[in-house]
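One-letter residues, chain by chain:
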Amino acid sequence: MYETRRQLQNGVDGAALAGAYELAVGNGSAAAVNAALDYAQRNSISVSEVAGGYPLVTSEGPYTDNAVVVAAGRRLNLLVAGLFNNGAGDVGAQATAVI
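This is a predicted model, so every value here is computed, not measured. (Residues numbered from 1 in each chain as written. Predicted model: local features only at pLDDT ≥ 70, side-chain atom pairs only at ≥ 80, totals over all residues. Heavy atoms only, no water.)

Draft legend 1. Expanded view of the overall build of the protein chain. For the protein chain, the helix and strand inventory stands at two helices and three strands. The helix and strand sequence of the protein chain, counted from the amino end, reads α-α-β-β-β. If one aligns the C-alpha atoms of the protein chain with their principal axes, the spans along those axes are about 50 × 25 × 20 Å. Per-residue burial for the protein chain yields a buried fraction of 37% across its 99 residues. Within the protein chain, contacts between residues at least 6 apart in sequence are counted, and of these 55% link residues at least 24 apart. Split by element, the accessible area of the protein chain, about 5,700 Å² in all, is 53% carbon and sulfur. If you average the places of the 5 positive and of the 8 negative side-chain charges in the protein chain, the two averages end up 9 Å apart. (Helix = DSSP H or I, 4+ residues; strand = E, 2+ residues; numbered from the N terminus. Buried < 20%, exposed > 50% of the residue type's maximum accessible area, 1.4 Å probe, protein only. Contact = heavy atoms within 4.5 Å. Areas by Shrake-Rupley, 256 points an atom, 1.4 Å probe, with all protein chains shown as cover. Lys, Arg positive; Asp, Glu negative; His and termini not counted. Charge placed at Lys NZ, Arg CZ, Asp CG, Glu CD.)

Draft legend 2. The arrangement of the packing of aromatic side chains in detail. Enumeration over the complete set of coordinates arrives at zero aromatic pairs. Between Arg42 and the ring centre of Tyr39, over which it is positioned, the NZ or CZ distance is 4.8 Å. (Phe/Tyr/Trp six-rings, centres within 6.5 Å; stacked < 30°, edge-to-face > 60°. Lys NZ or Arg CZ within 6 Å of the ring centre and 35° of its normal.)

Draft legend 3. Spatial organisation of the side chain of Arg74. Checked against the element boundaries, Arg74 lands in strand E2 (residues 67–77). A distance of 2.9 Å separates a polar side-chain atom of Arg74 from the backbone oxygen of Ser44. A polar contact of 2.7 Å, which involves the side chain of Arg74, links it to the side chain of Glu49. Filtering out sequence-adjacent residues up to four positions away, Arg74 remains in contact with Thr4, Gln7, Leu8, Ser44, Ile45, Glu49, Gly89, Asp90 and Val91. (Polar contact = N/O pair within 3.5 Å; in protein donor to acceptor, adjacent residues only side chain to side chain.)

Draft legend 4. Broad picture of the sheet that holds strand E1 (residues 56–58). Across the sheet, three strands lie side by side as E1-E2-E3; this open sheet has antiparallel pairing. Either end of the sheet is taken by a strand with one partner, and the two such strands are E1 and strand E3 (88–98). With strand direction ignored, the average angle separating the axes of adjacent strands in the sheet is 25 degrees. Alignment of E2 against E3, held across 11 bridges, turns out to be antiparallel. Among the inter-strand pairings, Val70 is bridged to a residue of E3, identified as Ala95. Across the face of the sheet, helix H1 (residues 2–24) comes into contact with E1, E2 and E3 while running at roughly 25 degrees to E3. (Pairing = 2+ DSSP bridges. Axes fitted to C-alpha atoms, helices over the stretch in contact; angles between N-to-C directions.)

Shown next as structure tokens:
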């Protein structure tokens, strides 16, 4: 479970940074969202694992459209925990990169 959480966090971190780079070079929100999705997939996060409504270009502080937020989740089958509950667990991660 912890390994999956680490993989998800690394993936959303990279995706948010890729999206923020596109904003920094002036390519706009659409390019930022596309870059974030591309990098999420490169880091083994499928599009179906990216949370609904994400990647999101948002505003932080007095600036507009200067941040990219990426969230993802994954359902795991838990072998030992299956003895005590339904045998499944959800793991999630979120990252924000601001320029």
